[in-house]
Amino acid sequence: MRHFFGKRIPMYRRDPVFYANEVLQFEPDGWQKDALMQLAGNPKVAIKSGQGVGKTSVEAVALLWFLACFPYPRVVATAPTKQQLHDVLWAEVAKWKAQSPLLQAILKWTKTYVYMKGYEERWFATARTATRPENMQGFHEYNIGTYACHYVAL
């Protein structure tokens, strides 16, 4: 399974929708496909949308895509409140990770981290609230990802 995944990583890096379909069995909506594909070519993507349209799902998919497909990433997942971070975004990450036998084999999920097994100190995603600037400081690595979860009702 890992060998098969390793051969597909170059395709997954270019096409996170393909990754979502094949690794997570996640079928994104049209706007989610657009957002994921934009993310593949641009590390800064903003999404403005209403409540209950699937923002958190696409954020979780994007986080797992980046974590699984790029070497030594340090991903910071954030939300305005601890409740939104842990009960909403981090729970969604756990849900989609659990859907994938591959990710079950290569990633470990904890209350505040998801990390690549065997690379705990250099290959991970972490949950941090955005309430204080110092919560976001100190992350340095070649592949840095930040996934912010902000809820704005339109």
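Residues numbered from 1 in each chain as written. Predicted model: local features only at pLDDT ≥ 70, side-chain atom pairs only at ≥ 80, totals over all residues. Heavy atoms only, no water.

### Considerations on the overall build of the chain
Spelled out, the test is: A helix here means a DSSP run of H or I that spans at least four residues, while a strand means a run of E at least two residues long, and both kinds are numbered starting from the N terminus. Remark: exposure states derive from per-residue accessible area (1.4 Å probe, protein chains only) relative to the maximum for the residue type, with buried under 20%, exposed over 50%, and partly exposed in between. We call two residues in contact when some of their heavy atoms are within 4.5 Å. All accessible areas in this document rest on Shrake-Rupley with a 1.4 Å probe, and a residue is counted as covered only by the protein chains that are shown.
Counting secondary structure elements, the chain contains six helices and five strands. When the helices and strands of the chain are placed in sequence order, the string is α-α-α-α-β-α-α-β-β-β-β. Here the chain holds 154 residues, and the buried ones make up 44% of them. Put simply, of all contacts in the chain between residues at least 6 apart along the chain, 63% involve residues at least 24 apart. When the accessible surface of the chain is totalled, it reaches about 8,300 Å², and 54% of it is carbon and sulfur.

### Focus on the side chain of serine 100
Worth spelling out the cut-off: Contacts described as polar in this section are N or O atom pairs within 3.5 Å, which, within protein, must combine one atom able to donate a hydrogen with one able to accept it, while residues neighboring in sequence count only if both atoms come from side chains.
Among the structural elements, serine 100 can be located in the loop between α5 (82-98) and α6 (101-106). Given the relative accessible area of 1%, serine 100 is considered buried. At 3.1 Å, the side chain of serine 100 forms a polar contact with the backbone nitrogen of leucine 103. Setting aside chain neighbours within four positions, we find serine 100 in contact with Val23 and Leu24.

### Digging into the packing of helix α2 (residues 16-24) against helix α4 (residues 55-69)
Operational definition: The axes are straight lines fitted to the C-alpha atoms, using for helices just the contacting stretch, and the angles between their N-to-C directions are given from 0 to 180°. The scheme is simple: roughly parallel for angles under 35 degrees, roughly antiparallel for over 145, roughly perpendicular for 65 to 115, oblique for anything else. As a working rule, the residues Ala, Val, Leu, Ile, Met, Phe, Trp, Tyr, Cys and Pro are called nonpolar, Asp, Glu, Lys and Arg charged, and the rest polar, with Gly in that last group.
Two elements in contact, α2 and α4, have axes separated by 10 Å at closest approach and are oriented at 90 degrees. With respect to α4, the element α2 is oriented roughly perpendicular. Judged by residue contacts, Pro16, Tyr19, Ala20 and Leu24 of α2 engage Val61, Leu64, Trp65, Ala68 and Cys69 from α4. Taken together, the residues of the contact of α2 with α4 break down into nine nonpolar, no polar and no charged.

### Some points on the pairing of strand β3 (residues 113-116)
Going by this rule: Two strands make a pair as long as DSSP finds a minimum of two bridges between them.
The pairing of strand β2 (residues 107-109) with β3 spans three bridges and is antiparallel. Within β3, the residue paired with lysine 108 across the bridge is tyrosine 115. The antiparallel pairing of β2 with β3 creates a hairpin that spans three residues between the two strands. Across three bridges, β3 lies against strand β4 (residues 124-129) in antiparallel orientation. Note that in β4 the partner of tyrosine 115 across the bridge is phenylalanine 124.

### Quick word on α4
Using the following cut-off: The span you would expect from a helix comes to 1.5 Å times its residue count less one.
In this model α4 runs 21 Å from its N-terminal to its C-terminal C-alpha over 15 residues, within 8% of the 21 Å that 1.5 Å per residue would give. For α4, the tally of buried residues reaches 15 of 15 residues, placing the bulk of the element in the interior.

### Focus: unusual backbone geometry
Although it is not a glycine, glutamine 25 sits at a positive phi angle of roughly 55 degrees. With respect to the helices, strands and loops of the structure, glutamine 25 is situated in the loop between α2 and α3 (30-41). One non-glycine residue, tyrosine 72, lies in positive phi territory at about 50 degrees. Structurally, tyrosine 72 can be placed in the loop between α4 and β1 (73-79). The exposure class of tyrosine 72 is partly exposed, given its relative accessible area of 28%.

### Quick word on the environment of alanine 79
Note that alanine 79 resides in strand β1. By relative accessible area, alanine 79 is classed as buried at 0%. For the pair alanine 79 and tryptophan 90, spaced eleven residues apart in sequence, the C-alpha separation works out to 9.8 Å.

### Details of the confidence of the model for the chain
To keep it simple, the criterion reads: Summary of the metric used: pLDDT quantifies the predictor's per-residue confidence within the range 0 to 100.
In this model, the chain carries a mean pLDDT of 82, and residues with pLDDT of at least 70 account for 81%. At the low end of the mean pLDDT range in the chain sits strand β5 (residues 143-148), at 46; at the high end sits α2, at 97. Here residues 135-154 scores under 50 on pLDDT; set against residues more than four positions off or in separate chains, the count is 59 contacts.

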